[in-house]
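Per-entry structural report
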Amino acid sequence: MKENGLDILLPYQKKWVADNSEVKVAEKSRRIGLTWAEAAASVLDAAASDGMDVYYISYNFEFTKEFITTCGSWAKGLNEAAVAFGEEIIKDGEDEFRASKITFPSGHKIMGLPARATTIRGRQGKIIIDEAAFCDNLSELLKAALAMLMWGGKVCIISTHNGEDNLFNEIIKDVKSGKKPYSLHRITITDAISQGLYRRICLRKKEKWTKKGEEAWLQGLVAHYGEGAPEELFCIPTKGGAKYFSRALVENCMNDEIPV
């Protein structure tokens, strides 16, 4: 599928959707459309007769409602006729929540759940934990989510960083060191721009793309974020309340051919 000559999904989005790993993790810049791409993948998972139920959670329940709406738009665009948009009452102790959901002809559904481990337990399918680094109870959420793997489920963990000591960052370090057999995707703002993000923004805003405009847009974005830019845009977690470049990051960028 293309939109004015551009593929609907950018390369990093395609790579994420095509990754069928049991557990996949994305450390990313803000607002690059990875959750939007995951909504497309979730529609395909739920619509397939041999697919599965999909559950989405985030620290903000408004994000959950937005995700379900996005899935509905993808279902229409992919010609996947949803049986119904509806709600289900989720009880967690004395609390009750209205969970939005879409049910497909396959019998599978996509449902938004509160970010509570107790609402995940006993379910089966794919679980998406979005902005995981900002969930207060990420450890408990993961314990409940990973149980789905026993019967063929999947777990997707997506987030920008929220500090060097955050559990999300610990997971990433464990994946890089080989301690956890998860798939890892790292998408900075420069990665996203190089793969067409700003071109897509210009297309949506009906503006002409230029290289100079792209560079100015990034500079303005970095200026707006200020000291938060390394973490929010470039996947560099904060440490001890201050921004820093890790030794590993510096070594990765070193080039012996450049004189110092």
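The structure we're discussing is the one just above.
What you see is a predicted model; the values in this text were computed from it and never measured.

Reading the values: rules and limits
- Residues numbered from 1 in each chain as written.
- Predicted model: local features only at pLDDT ≥ 70, side-chain atom pairs only at ≥ 80, totals over all residues.
- Heavy atoms only, no water.
- Pairing = 2+ DSSP bridges.
- Helix = DSSP H or I, 4+ residues; strand = E, 2+ residues; numbered from the N terminus.
- Axes fitted to C-alpha atoms, helices over the stretch in contact; angles between N-to-C directions.
- Contact = heavy atoms within 4.5 Å.
- Phe/Tyr/Trp six-rings, centres within 6.5 Å; stacked < 30°, edge-to-face > 60°.
- Buried < 20%, exposed > 50% of the residue type's maximum accessible area, 1.4 Å probe, protein only.
- Lys NZ or Arg CZ within 6 Å of the ring centre and 35° of its normal.
- Core = buried A, V, L, I, M, F, W, Y, C linked by side-chain atoms within 4.5 Å.

**A word on the sheet that holds strand β6 (residues 95-103)**
Note: strands within a sheet are paired through backbone hydrogen bonds, in either parallel or antiparallel orientation. One open sheet holds the eight strands; their spatial order is β5-β6-β7-β4-β8-β9-β3-β10, and the pairing between them is mixed. The outermost strands of the open sheet, each flanked by one partner alone, are β5 (84-92) and β10 (183-187). Strand after strand, the sheet turns through a mean of 20 degrees between neighbouring axes, direction not considered. In this structure, strand β4 (residues 54-58) lies alongside strand β8 (residues 126-130), joined through five bridges in parallel fashion. Considered in β8, the bridge of I57 is made with I129. Each of β3 (23-28), β9 (154-159) and β10 touches helix α1 (residues 11-18); the most contacted strand, β3, lies at about 160 degrees to it. The sheet strands contacting helix α5 (residues 138-146) are β3, β4, β8 and β9, and the helix crosses β8 at an angle near 165 degrees.

**Comments concerning the packing of aromatic side chains**
Applying the stated criterion across every chain yields a total of six aromatic pairs. Centroid distance Y59 to F63: 5.5 Å. Interplanar angle 90 degrees. Geometry classified as edge-to-face. Looking at F63, the relative accessible area reads 29%, which means it is partly exposed. Ring-pair connections join several aromatic residues into one group, and the members of that group are Y59, F63 and F134. A cation sits over an aromatic face here: K24 above W16, 4.4 Å from the ring centre. The positively charged end of R199 is found above the aromatic ring belonging to W209, 3.6 Å away from the centroid.

**Description of the nonpolar core**
One finds Y12, F67, F104, I110 and I189 to be the most contacted residues of the largest nonpolar core, which totals 36 residues. Here the element with the most residues in this core is helix α2 (residues 34-47); it accounts for seven residues. With 30 residues, the next largest nonpolar core counts M111, L113, C135 and A145 among its residues.

**Structural notes on unusual backbone geometry**
Phi at R31 is positive, roughly 60 degrees, even though this residue is not glycine. R31 sits in the exposed class, given a relative accessible area of 74%. Located in the positive-phi region is C235, a residue other than glycine, with phi close to 60 degrees. With respect to the helices, strands and loops of the structure, C235 is situated in the loop between α10 (229-234) and α11 (247-253).

**Quick look at the side chain of S42**
Mapped onto the elements, S42 comes out in helix α2. The class for S42 is buried, based on a relative accessible area of 0%. In this structure, S42 is in contact with V54, F67, C71, I110, K126 and I128, ignoring residues within four places of it in sequence.

**Side note on the pairing of β4**
Among the five residues in β4, five count as buried, and that is most of the element. Looking at chain direction, β4 and strand β7 (residues 109-112) are connected through three bridges and run parallel. Along β7, the bridge assignment pairs Y55 with M111.

**Things to note about the side chain of E232**
As for its placement among the helices and strands, E232 is situated in helix α10. Residue E232 is classed as buried on the basis of its relative accessible area, which comes to 14%. Those residues in contact with E232 that sit more than four places away from it in its chain are K28, S29, R30, T160 and Y225.

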